[in-house]
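Fold and geometry: a report
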Amino acid sequence: MTEDTEILLVEDADRVRTITLNRPAALNAFNEALYDALTEALRDAAEDPAVAVVLLTGGGRAFSSGTDLIEMAERVTNPDFTPGKHGFIGLIDALAEFDKPLVLAINGLGLGIGLTVIGFADLVLMSEDARLKTPFTSLGVAPEAASSYLLPRLVGRQNAAWILLSAEWISAAEAKEMGLVWRVCEPAGLMAEARRVAATLASRPISSLREVKRDMTAPLREEIQRARERENDGFARLMGGPANAEALAAFAEGRDPDFTSLPPGW
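Residues numbered from 1 in each chain as written. Predicted model: local features only at pLDDT ≥ 70, side-chain atom pairs only at ≥ 80, totals over all residues. Heavy atoms only, no water.

Across the interface, helix α5 (residues 147-155) lies against helix α10 (residues 221-238) with an axial gap of 8 Å and an inter-helix angle of 130°. As judged from the angle between their axes, α5 and α10 are oblique. Residues Ser147, Ser148, Tyr149 and Leu150 of α5 touch α10, and the partners they reach there are Glu223, Ile224, Ala227 and Glu231. Grouping the amino acids of the contact of α5 with α10 by side-chain chemistry returns four nonpolar, two polar and two charged. (Axes fitted to C-alpha atoms, helices over the stretch in contact; angles between N-to-C directions. Helix = DSSP H or I, 4+ residues; strand = E, 2+ residues; numbered from the N terminus. Parallel < 35°, antiparallel > 145°, perpendicular 65-115°, else oblique. Contact = heavy atoms within 4.5 Å. Nonpolar A, V, L, I, M, F, W, Y, C, P; charged D, E, K, R; others polar.)

Another point: the nonpolar core. Leu38, Leu104, Ile106, Ile118, Leu132 and Leu180 are the most contacted members of the largest nonpolar core, which has 62 residues in total. Of the residues forming this core, the biggest block, seven residues, is contributed by helix α1 (residues 32-47). The contact partners of leucine 180, leaving out residues within four places of it in the chain, are Leu115, Ile118, Val124, Leu132, Leu151, Leu154, Val155, Ile163 and Ala175. Listed in part, the 17 residues of the second largest apolar core include Leu123, Met191, Ala194 and Ile206. (Core = buried A, V, L, I, M, F, W, Y, C linked by side-chain atoms within 4.5 Å. Buried < 20%, exposed > 50% of the residue type's maximum accessible area, 1.4 Å probe, protein only.)

Considering all chains together, one arrives at two aromatic pairs under this definition. Centroid distance phenylalanine 30 to tyrosine 35: 4.9 Å. Interplanar angle 25°. Geometry classified as stacked. In this structure, phenylalanine 30 and tyrosine 35 share a single accessibility class: buried. Relative to phenylalanine 88, the ring of tyrosine 35 has its centre 5.8 Å away and its plane inclined at 80°; by these criteria the two rings are edge-to-face. (Phe/Tyr/Trp six-rings, centres within 6.5 Å; stacked < 30°, edge-to-face > 60°.)

On the basis of which strands lie adjacent, the open sheet formed by four strands has the order β4-β6-β8-β9 and mixed pairing. Of all strands in the sheet, those bounded by a partner on one side alone are β4 (62-64) and β9 (170-171). Strand direction decides the pairing type here: β4 and strand β6 (residues 109-111), joined by two bridges, are parallel. Bridged to serine 64 within β6 is glycine 110. (Pairing = 2+ DSSP bridges.)

Glancing now at the packing of α5 against helix α6 (residues 157-166). Orientation of α5 relative to α6, taken along the N-to-C sense of each, is 135°, at an axis distance of 7 Å. Taken together, the axis directions place α5 and α6 in an arrangement best described as oblique. Classified by chirality, the crossing of α6 by α5 is right-handed. Contact residues: α5 offers Ser147, Ser148, Leu151, Pro152 and Val155, while α6 offers Arg157, Asn159, Ala160, Ile163 and Leu164. (Left-handed = near helix turned anticlockwise from the far one by under 90°.)

Now for the pairing of strand β5 (residues 102-106). In terms of residue burial, β5 counts as a mostly covered element, since five of its five residues are buried. What you see with β5 is no split at all: Leu102, Leu104 and Ile106 on one side and Val103 and Ala105 on the other are buried throughout. In this structure, strand β3 (residues 53-58) lies alongside β5, joined through four bridges in parallel fashion. Note on β5: the bridge partner recorded for threonine 57 is alanine 105. As paired elements, β5 and strand β7 (residues 123-127) share four bridges and run parallel to each other. Pairing of leucine 104 across the sheet is with valine 124, part of β7.

Mapping arginine 195 onto the fold places it in helix α8 (residues 190-202). For the pair formed by arginine 195 and proline 143, sequence separation is 52 residues and the distance between their alpha carbons is 31 Å.

By secondary structure assignment, the location of arginine 210 is in helix α9 (residues 206-217). What makes arginine 210 partly exposed here is its relative accessible area of 23%. Distance in space between the C-alpha atoms of arginine 210 and proline 101 is 7.5 Å, their sequence separation being 109 residues. Not counting residues up to four positions away in its chain, the partners in contact with arginine 210 are Ala46, Asp99 and Lys100.

It is worth spelling out the pattern of salt bridges at this point. Overall, the coordinates contain 15 salt bridges when judged by the stated rule. The residue glutamate 193 makes a salt bridge to arginine 196 at a minimum N-O spacing of 2.9 Å. Of this pair, glutamate 193 and arginine 196 are both found in helix α8, three residues apart, which corresponds to roughly one turn of the helix. Sharing partners across several salt bridges, the network here consists of Asp99, Arg210, Glu211 and Arg214. (Salt bridge = Lys/Arg side-chain N within 4 Å of Asp/Glu carboxyl O.)

Structure (structure tokens):
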């Protein structure tokens, strides 16, 4: 897909750096270029002494529709596919290492990484008309971004099991009830409230903000890494397998996948 705009917009105000995913025609799906751009933006914000807080949102009607499935299909079928500099793994590294407050303003639908990024956020605000889901089982793949560890901690085992196993949509009200998000806002007021929250944090000393976040996340780091290793292994085994191939073929053909005719055990 040809990009005709900057895929990432960055704006600074009141020591808050607002980063906007800007592939609206693709519902802010992450291709390799967007993975690379957001990875570098997070690293730049971490190193910039003038930035206290990062606020992440999406342009258009989506927060993020997850990994770009068109590019995923090409990656599976094209032996000459060239990955990005950082890719998905680099982005998750940057999120796990980011030691300043990260606020999310989920303005529209969020799939895959559009939901699992919540595990690395400090405060999440969501538009009341937004929806979230993890499509892993509907794509025949494994969880990602340490979500198999972080989501049960965030919302409890059974809520996490529903999110990760069902591939069903989660409404804003359900997300709030589960504890997946912190606050639900009217669509027109989401960004104003998110900016107010981010600016409140940014008015505090950066040194203190960083120390608090480091102390809160320190007990999680080893388990996050172990979860990522398990998930990456599972993803590598399942991607391109019969279930994933059927899911990608169904996507390309504009139909629902049929998993009933897969080989035994798939």
